[in-house]
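Tertiary structure, described
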Amino acid sequence: MLTTPPLLAMVPQRTPEAAVHARVDAWVDAWSSEACPNDMEALRPLLGAGRLNMMSDFGSDIAVSDSFNSYQSVWMPVLQDTFRSWQLAIASDVEIRTSASLASAAYFTLFEGETHEGTTMVQRQAVSAVWEMQSGEWRLVQEHTSVDSEGRMA
């Protein structure tokens, strides 16, 4: 019979939900003008290998991206043309469900940005994301972001 060594038994084991939550936190933290002033390379290490499915629903417009490069080509012009600085924050509980190799996360965010004209814009977004276990790490493979149905301002 195998037993866990006493010292190892004292180390708290990280649940899959906690690991996914940490990845969600890292994704949201990387969505700032400090982390991504000229490109979105800070997000790349969190993404899965292969094809991505990223849908950004702006209310009247929808952008679908199947790669990091196409995702970046949608978002960076919007960010840079509109905002002097921006940040994203989680604005709700993060609901996470996991299986052996897939996890889903659903939550709301608040996007806040200072425009080039000096005004502040705040937008509430609903986010659903799918994370896949790849090479021992949870990697984002699908994201759907929608502007809150109440309108673009929080």
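Cut-offs applied
- Residues numbered from 1 in each chain as written.
- Predicted model: local features only at pLDDT ≥ 70, side-chain atom pairs only at ≥ 80, totals over all residues.
- Heavy atoms only, no water.
- Phe/Tyr/Trp six-rings, centres within 6.5 Å; stacked < 30°, edge-to-face > 60°.
- Helix = DSSP H or I, 4+ residues; strand = E, 2+ residues; numbered from the N terminus.
- Polar contact = N/O pair within 3.5 Å; in protein donor to acceptor, adjacent residues only side chain to side chain.
- Pairing = 2+ DSSP bridges.
- Buried < 20%, exposed > 50% of the residue type's maximum accessible area, 1.4 Å probe, protein only.
- Lys, Arg positive; Asp, Glu negative; His and termini not counted.
- Salt bridge = Lys/Arg side-chain N within 4 Å of Asp/Glu carboxyl O.
- Contact = heavy atoms within 4.5 Å.
- Core = buried A, V, L, I, M, F, W, Y, C linked by side-chain atoms within 4.5 Å.
- pLDDT = per-residue confidence, 0-100.

A few words on the packing of aromatic side chains. The geometry of an aromatic ring pair comes down to the distance between the two centres and the angle between the two planes. What the rule picks out here adds up to four aromatic pairs. Summarising the aromatic geometry, the rings of W31 and W75 are spaced 5.0 Å apart at their centres and angled 85° between planes, so their arrangement reads as edge-to-face. Taken as a pair, W31 in the loop between α2 (16–30) and β1 (53–57) and W75 in helix α3 (residues 68–82) lie far apart in primary sequence, 44 residues in all. Considering the side-chain rings of F83 and F111, the 5.2 Å spacing of their centres and the 65° angle between planes classify their relative orientation as edge-to-face.

Before going further, it helps to examine the environment of S70. By secondary structure assignment, the location of S70 is in helix α3. For S70 and L52, which are 18 residues apart along the polypeptide, the C-alpha to C-alpha distance reads 9.8 Å. In terms of polar contacts, S70 uses its side chain to reach the backbone carbonyl oxygen of S67, at 3.1 Å.

A few words now on the pairing of strand β4 (residues 95–98). Alignment of β4 against strand β5 (residues 102–115), held across four bridges, turns out to be antiparallel. Along β5, the bridge assignment pairs T98 with A103.

This paragraph deals with the side chain of E143. Structurally, E143 can be placed in strand β7 (residues 137–147). Buried and unpaired, E143 has R23 as its nearest opposite-charge partner, separated by 13 Å. Apart from the residues within four sequence positions on either side, E143 is in contact with W27, N53, M54, M55, Y71, V127, S128 and A129.

It is worth spelling out the nonpolar core at this point. In terms of nonpolar packing, the biggest core is built from 34 residues, with W27, W31, M40 and W131 touching the most fellow members. Of all the secondary structure elements, the ones that give two or more residues to this core are α2, α3, β3 (83–90), β5, β6 (120–134) and β7. The element contributing the most residues to this core is α2, with six residues. Leave out the neighbours within four places in its chain, and W27 touches L43, L46, L47, M54, Y71, Y107, W131, L140 and E143.

A low pLDDT means the predicted coordinates there should not be read in detail. The predicted model of the chain has a mean per-residue pLDDT of 88, with 88% of residues at 70 or higher. Between the elements of the chain, mean pLDDT differs from a low of 55, seen in helix α1 (residues 6–9), to a high of 97, seen in β4.

Moving on to the environment of A18. Looking at the element boundaries, A18 is found in helix α2. For A18, a relative accessible area of 34% translates into the label partly exposed. Taking C-alpha positions, A18 is 9.0 Å from I96, a pair spaced 78 residues apart along the chain.

For the rest of this paragraph, the subject is the environment of W31. Its relative accessible area of 6% is what places W31 among the buried residues. For the pair W31 and Q87, spaced 56 residues apart in sequence, the C-alpha separation works out to 6.1 Å. Discounting residues that sit within four places of it in the chain, W31 has contacts with M40, L43, Y71, W75, L79, W86, Q87 and L88.

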